[in-house]
Amino acid sequence: MTIYEKIENHRLVPVVALNDVSDAVKLADALIAGGLPVAEVTFRTSAAEEAIRLINKERPEMLVGAGTVTNVKQALAAINAGAQFLVTPGFSDEITASAIEHGVPIFPGVCTPTEIMKTLRYELPVLKFFPASQYGGLGTLKALNGPFPNIRFMPTGGINKDNVTEYLKYHGVIACGGSWMVSPKLISEGNFGKITELTKEAVALISAL
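Being a predicted model, the structure only gives us computed values, none of them experimental. Throughout this document, residue positions are counted from 1 along each chain, in the order its sequence is written. With the structure being a predicted model, the display of local features is reserved for residues of pLDDT at least 70 and the display and counting of side-chain atom pairs for 80 or more, all residues being used for whole-chain, interface and lining totals. Computation of side-chain values covers all heavy atoms of the structure but excludes hydrogens and water.

### A short note on the nonpolar core
- Put simply, buried Ala, Val, Leu, Ile, Met, Phe, Trp, Tyr and Cys residues joined by side-chain atoms within 4.5 Å make one nonpolar core. Partly exposed residues are those whose accessible area sits between 20% and 50% of the maximum for their type, while under 20% is buried and over 50% is exposed, using a 1.4 Å probe and protein chains only. Ranked by size, the top nonpolar core spans 74 residues in total, and within it Ile-7, Leu-12, Leu-27, Leu-86, Phe-153 and Ile-195 carry the most contacts.
- Among all residues touching Phe-153, those that are not within four sequence positions of it are Val-110, Ile-116, Val-126, Leu-127, Phe-129, Leu-141, Leu-144, Asn-145, Gly-172, Val-173, Ile-174 and Ala-175. Any pair of residues with heavy atoms lying within 4.5 Å of one another is described as a contacting pair.

### Structural notes on the side chain of Thr-196
- Looking at the secondary structure, you find Thr-196 in helix H10 (residues 192-207).
- Residues contacting Thr-196, with those up to four places away along its chain left out, are Ala-30, Ala-33 and Gly-34. For helices the rule is a DSSP run of H or I covering at least 4 residues; for strands it is a run of E covering at least 2, with both sets numbered from the N terminus onward.

### A few points about the layout of surface pockets
- A cavity here means a set of 1 Å grid points, computed over protein atoms only, where a 1.4 Å probe fits but cannot escape. A pocket is an open set with protein on both sides within 12 Å along at least 5 of 7 lines, and lining residues have an atom within 4 Å of a point. Grid points are joined across faces, edges and corners, and a volume is the space filled by probe spheres set on the points. Estimates place the volume of the largest pocket at around 280 Å³.
- Lining the largest pocket we find 20 residues, and of these Val-15, Arg-44, Thr-156, Gly-178 and Ser-179 sit closest to its centre.
- Among the residues forming the lining of the largest pocket, the class breakdown is eight nonpolar, nine polar and three charged. Polar here means any residue other than Ala, Val, Leu, Ile, Met, Phe, Trp, Tyr, Cys and Pro, which are nonpolar, and Asp, Glu, Lys and Arg, which are charged; Gly is therefore polar.

### Side note on the environment of Leu-120
- Relative to the elements of secondary structure, Leu-120 occurs in the loop between helix H6 (113-119) and strand S7 (126-129).
- Overall, the relative accessible area of 39% leaves Leu-120 in the partly exposed class.
- Once you skip the residues sitting within four places of it in the chain, Leu-120 turns out to touch Phe-148 and Ile-151.

### Concerning the sheet that holds S7
- Reading across the sheet, the three strands line up as S6-S7-S8 and stay open at both edges, with parallel pairing between neighbours. Taken across any chain shown, the strands that pair with only one partner, and hence form the sheet edges, are strand S6 (109-110) and strand S8 (152-155). Pairing between strands is defined by DSSP: at least two bridges between them are needed.

### As for helix H4 (residues 72-81)
- For H4, the set of buried residues is Gln-74, Ala-75, Ala-77, Ala-78, Ile-79 and Ala-81.
- Residues of H4 that are buried in the fold lie against helix H3 (48-58), strand S3 (63-67), strand S4 (86-87) and helix H5 (93-101).
- Pairs of N or O atoms within 3.5 Å make up the polar contacts considered here, provided that, within protein, one atom can donate a hydrogen while the other can accept it, and that residues adjacent in sequence are counted only when both atoms are side-chain atoms. Near the N-terminus of H4, the side chain that reaches the backbone nitrogen of Lys-73, with its oxygen 3.2 Å away, is that of Asn-71.
- Gly-82 occupies a position one or two residues after H4 and carries a positive phi of about 105°.

### Some details on H3
- Looking only at H3, the buried set comprises Ala-48, Ala-51, Ile-52, Ile-55 and Asn-56. In a view along the axis of H3, the buried residues occupy a sector of 130°, so they form one face of it.
- Summarising the contacts, the buried residues of H3 are in contact with helix H2 (24-33), strand S2 (38-42), S3 and H4. Arc definition: directions from the helix axis to the C-beta atoms.

The values are spatial; any link to function lies outside them.
What follows is the structure, given as structure tokens:
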């Protein structure tokens, strides 16, 4: 399967912020045990690059990507660490071109028609709709899908167990990004058992669709 197909198969991408590299494999194990072997490790922390490298090495069954990529330097660091996909909070020509040059799928963040039009020349099949809840949620996403019927979205931002299914029921959504099952608090507390529990609940919720 392609990366896009794998992500659509999972339907949910945990958005993870790791402050300590030593938590990387533990987090991966918790997600695997919960039935969701995928993670977007965000470059909001200095541990991101090494965490991606470590997960790739120790848990090759994980689909691991890099999130909150805001410059080409981060993109290249993530790719060199083995990130299988990149996610950006907004659209950047430079980062998008770099990802394509290296053959790595990228999900640029967009929330307006103008931003979507800027991505068209790259012919990307999926874009990140961010921040989803703050920009009108599913209603806005459906409106955007009208003039751009060939583009699908991965909404992120304000997605939780109470609204994830309404997004996933819409044909224009490939998957959702969410962090409620991998909160920084649970990770910092070392409560990986709870992460597995919440992940199992999320997988069960999605499987029922």
